[in-house]
Amino acid sequence: MTQSSRRGRTLSRLVTSAIAVTLVGGTAGTAAAAGTSGTDAPAASGPKKSISRSAAAAGQHKPTPAAPFFFLSGILPSGQMYAYMPDGKGGFEARSGAYVWPHLKYGVSVDPDLTGYQDGAYHVMDDGTLNLWRGGKLKRVATGWGGYDSIMSPGTLGGATHPDLLARDKQGVLWRFQTKADGSLAPRVKVGPGWNQYTQITGLGDLSGDSKPDIVARDKQGVLWLYKGTGDPRKPFASRTRVGSAWNQFNKLVATGDVDGDGRSDLLARDPKGNLWLYKGTGKASSPYKSRVKIGTDFNQYRDLF
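Residues numbered from 1 in each chain as written. Predicted model: local features only at pLDDT ≥ 70, side-chain atom pairs only at ≥ 80, totals over all residues. Heavy atoms only, no water.

**Thoughts on the overall build of the protein chain**
No. 1: Looking only at helices and strands, the protein chain features two helices and 21 strands.
No. 2: In the protein chain, which comprises 306 residues, the proportion classed as buried is 58%.
No. 3: The long-range fraction of contacts in the protein chain, counting pairs at least 24 apart against all pairs at least 6 apart in sequence, stands at 47%.
No. 4: Roughly 12200 Å² of accessible area belongs to the protein chain as shown, and the carbon and sulfur atoms make up 50% of that amount. (Helix = DSSP H or I, 4+ residues; strand = E, 2+ residues; numbered from the N terminus. Buried < 20%, exposed > 50% of the residue type's maximum accessible area, 1.4 Å probe, protein only. Contact = heavy atoms within 4.5 Å. Areas by Shrake-Rupley, 256 points an atom, 1.4 Å probe, with all protein chains shown as cover.)

Right under this line is the structure:
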């Protein structure tokens, strides 16, 4: 099977499953398939066609955990979700409607088996429930997640066979959760305090060229900092290094991996006017991103991007 056909099969399964998502009990844990909740979401045939085109246009490099291939998810205030597939050229295909999450607070896409492809997402719901969506089904994983205000999954921070989740609590403490094969979580491990100095934290894959996942964090003055991964789950990040200033011009930073298909993880940034900018990764810790390139407009319609 070719790389393109394998990617097409994987992505088609993802969004087709999203459209046929299984409903599970409890308002805070339910989703409605597109077109079944009074929304104007497209029919199921639309996303399949879009994904097929995206798969054919995808980049030359095979996705890896260090430079994974995720799609960009946008959530409207109504809870309607749209998926944007990377075109392999540094942009995205036209959006495809998936499903409606009226009680989704925020989410994080994941690659549970570290294949390099997105294959699910963890969702924090309004009531603090943490759900895993995978294979068209929702699984209630935990409760009490209302105490966290930020969640991300940069990859596997200690060489495990499944990725880690990072969550910041409202006191500014960052915690690491090792995910398991069934999607459940091992007991949390403290990374460290003081992370409430940052207004945005994100990361997916390797930014420094050593194949270890890294993250970036923006402080209140608009300075962006790089935290290199160490590969040690007990101390997953090295001391921070400065990336640059003036990042307060953006109201959302989000990492979806390798957008342009060059084998390096990138960064997306949305400004208050709704413009979407791509910062291509360099693979160099001293200067992890190239100059920005505008790749989209009207992204301020979404209350969240992940």
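**Side note on the sheet that holds strand β13 (residues 198-202)**
No. 1: Pairing within the open sheet is antiparallel, and its four strands lie in the order β13-β14-β15-β16. Strands at the two margins of the open sheet, each flanked by one partner only, are β13 and β16 (241-244). Taken pair by pair, the neighbouring strands of this sheet meet at an average axis angle of 30°, ignoring direction.
No. 2: Here four bridges tie β13 to strand β14 (residues 215-219), and the two strands are oriented antiparallel to one another. Counted as the bridge partner of T202 is V216 from β14. (Pairing = 2+ DSSP bridges. Axes fitted to C-alpha atoms, helices over the stretch in contact; angles between N-to-C directions.)

**Observations regarding the confidence of the model for the protein chain**
No. 1: Here the protein chain shows a mean pLDDT of 85. Residues at 70 or above account for 80%.
No. 2: Low pLDDT, under 50, characterises residues 1-59; the stretch is placed with 117 contacts to residues that sit more than four places away or in other chains. (pLDDT = per-residue confidence, 0-100.)

**Regarding the sheet that holds strand β9 (residues 148-155)**
Strand pairing in a sheet is mediated by backbone hydrogen bonds. Such pairs are either parallel or antiparallel.
No. 1: The four strands are arranged β9-β10-β11-β12 in an open sheet whose pairing can be described as antiparallel. The open sheet terminates on both sides in strands that have one partner only, identified here as β9 and β12 (189-192). Looking at each pair of strands side by side, their axes are set apart by 30° on average, direction ignored.
No. 2: The pairing of strand β11 (residues 174-178) with β12 spans three bridges and is classified as antiparallel. Looking at the pairing, W175 lines up with K190 of β12.

**Topic: unusual backbone geometry**
No. 1: With phi around 70°, S211 is a residue other than glycine that occupies positive phi space.
No. 2: Mapped onto the fold, S211 is located in the loop between β13 and β14.
No. 3: The backbone phi angle of A246 is positive, close to 70°, even though this residue is not glycine.
No. 4: Tracing the backbone through its elements, the reader meets A246 in the loop between β16 and β17 (252-254).
No. 5: You can call A246 partly exposed: its relative accessible area is 45%.

**Structural notes on the pattern of salt bridges**
No. 1: By the definition in use, this model includes ten salt bridges.
No. 2: The salt bridge partner of D182 is K139, with a shortest N-O separation of 3.9 Å. With D182 in the loop between β11 and β12 and K139 in strand β8 (residues 137-142), this residue pair connects regions lying 43 residues apart in the sequence.
No. 3: Between D304 and K252 there is a salt bridge; the shortest N-O distance is 3.1 Å. In this pair, D304 is assigned in strand β21 (residues 304-305) and K252 in strand β17, connecting sequence segments 52 residues apart.
No. 4: Residues participating in the shared-partner salt-bridge network are D113, D119 and R134. (Salt bridge = Lys/Arg side-chain N within 4 Å of Asp/Glu carboxyl O.)

**With respect to the nonpolar core**
One recurring pattern in soluble globular proteins: nonpolar side chains tend to sit buried together.
No. 1: With 16 residues, the main nonpolar core has Y122, W145, I151, L165 and F177 as its most contacted residues.
No. 2: For F177, the residues in contact, after removing those within four places along its chain, are W145, Y148, P163, D164, L165, A167, L185, A186 and R188.
No. 3: With 14 residues, the next largest nonpolar core counts A83, Y99, A121 and W133 among its residues. (Core = buried A, V, L, I, M, F, W, Y, C linked by side-chain atoms within 4.5 Å.)

**Remarks on the environment of D169**
No. 1: With respect to the helices and strands, the residue D169 is situated in strand β10 (residues 164-169).
No. 2: Residue classification places D169 among the buried positions, given a relative accessible area of 9%.
No. 3: A C-alpha to C-alpha distance of 8.5 Å links D169 and N196, two positions 27 residues apart in sequence.
No. 4: At 2.9 Å, the side chain of D169 forms a polar contact with the side chain of W175. (Polar contact = N/O pair within 3.5 Å; in protein donor to acceptor, adjacent residues only side chain to side chain.)

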